[in-house]
Amino acid sequence: MRAVVQRVSRAEVRVDEQVVGRLDGAGLVVLLGVTHEDTATDAERLAAKVVRLRIMAGEQSVDETGGGVLAISQFTLYADTRKGRRPSWGAAAPGPVAEPLYETFCDAVERAGVPVARGIFGADMAVELVNDGPVTIVLDS
């Protein structure tokens, strides 16, 4: 699994002009990509890493600050651009594999006591955020 984690002061995601997920205060936006070899163990391990990552104010983690996570599925994180100008998506897991692992990740974050707002898996989403810092980190499971 691959996650792009951004510390934000606020964020929201819309589908068809409707807000489907929102962080009204400080938290983390997590763009999450899944590849073929990923497992539920990878999802849970990555969720624990995100929850405990000390990138919030005062070198605290999101679970310490009471912030939330906005989790967005993002298969394009596994784009292969080594040849030509058109990315290949072969490394990204198909929806029937990726969606349950995305849900496992979100559920693991919630079990850790951090509220999770979600996008809609597979939807065309518009994500709006204010990156605080800016702080952006790429994590691989």
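Okay, so let's go over this structure. (Residues numbered from 1 in each chain as written. Predicted model: local features only at pLDDT ≥ 70, side-chain atom pairs only at ≥ 80, totals over all residues. Heavy atoms only, no water.)

## Notes on the nonpolar core
Part 1 of the reasoning: Among the nonpolar cores identified, the biggest contains 30 residues, and Val5, Leu28, Val69, Phe105 and Val109 are the most heavily contacted of them.
Part 2 of the reasoning: At the level of secondary structure, the elements contributing two or more residues to this core comprise strand E1 (2-15), strand E3 (27-33), helix H1 (40-52), strand E4 (68-73), helix H3 (95-111) and strand E6 (126-140).
Part 3 of the reasoning: In terms of residue count, H3 provides more of this core than any other element does, seven residues in total.
Part 4 of the reasoning: Sequence-distant contacts of valine 69, that is, excluding residues within four places in its chain, are made with Leu23, Leu28, Val30, Val62, Val109, Val114, Pro115, Val116 and Ala117.
Part 5 of the reasoning: The next biggest cluster of nonpolar side chains, apart from the first, holds 13 residues, and it includes Val4, Val8, Val15 and Ile72. (Core = buried A, V, L, I, M, F, W, Y, C linked by side-chain atoms within 4.5 Å. Buried < 20%, exposed > 50% of the residue type's maximum accessible area, 1.4 Å probe, protein only. Helix = DSSP H or I, 4+ residues; strand = E, 2+ residues; numbered from the N terminus. Contact = heavy atoms within 4.5 Å.)

## A short note on the pairing of E4
Part 1 of the reasoning: Counting buried residues in E4 gives six out of six residues, a clear majority hidden from the surface.
Part 2 of the reasoning: Alternating positions in E4 separate into two faces, Gly68, Leu70 and Ile72 on one and Val69, Ala71 and Ser73 on the other, with burial throughout.
Part 3 of the reasoning: In this sheet, E4 lies alongside E3 in parallel orientation, the contact comprising six bridges. Across the sheet, the residue bridging to leucine 32 is serine 73, located in E4.
Part 4 of the reasoning: By the bridge criterion, three bridges tie E4 to strand E5 (residues 116-118) in an arrangement that is parallel. Opposite leucine 70, over in E5, you have alanine 117 as the bridge partner.
Part 5 of the reasoning: Taken together, E4, H3 and E5 form a β-α-β motif whose crossover is right-handed. (Pairing = 2+ DSSP bridges. Right-handed = clockwise from strand over helix to strand, strands pointing away.)

## Some details on H1
Part 1 of the reasoning: Taking 1.5 Å of rise per residue, the 13 residues of H1 would be expected to cover 18 Å, and the 18 Å separating its terminal C-alpha atoms lies within 8% of that figure.
Part 2 of the reasoning: At its buried positions, H1 is contacted by E1, E3, helix H2 (62-65), H3 and E6. (Expected span 1.5 Å × (residues − 1).)

## Re unusual backbone geometry
Part 1 of the reasoning: Each neighbour pair has its own omega, and for glycine 133 with proline 134 the value is -5°, a cis peptide bond.
Part 2 of the reasoning: Within the element layout of this structure, proline 134 appears in strand E6.
Part 3 of the reasoning: Phi at aspartate 16 takes a positive value of approximately 50°, unusual for a residue other than glycine.
Part 4 of the reasoning: Tracing the backbone through its elements, the reader meets aspartate 16 in the loop between E1 and strand E2 (18-23).

## Quick word on H3
Part 1 of the reasoning: The terminal C-alpha atoms of H3, which comprises 17 residues, lie 24 Å apart, in line with the 24 Å expected from a rise of 1.5 Å per residue.
Part 2 of the reasoning: For H3, every residue scored as buried is listed here: Ala98, Leu101, Tyr102, Thr104, Phe105, Cys106, Ala108 and Val109.
Part 3 of the reasoning: The inward-facing, buried residues of H3 contact E3, H1, E4 and E5.
Part 4 of the reasoning: One or two steps after H3, the chain reaches glycine 113, where phi turns positive at roughly 90°.

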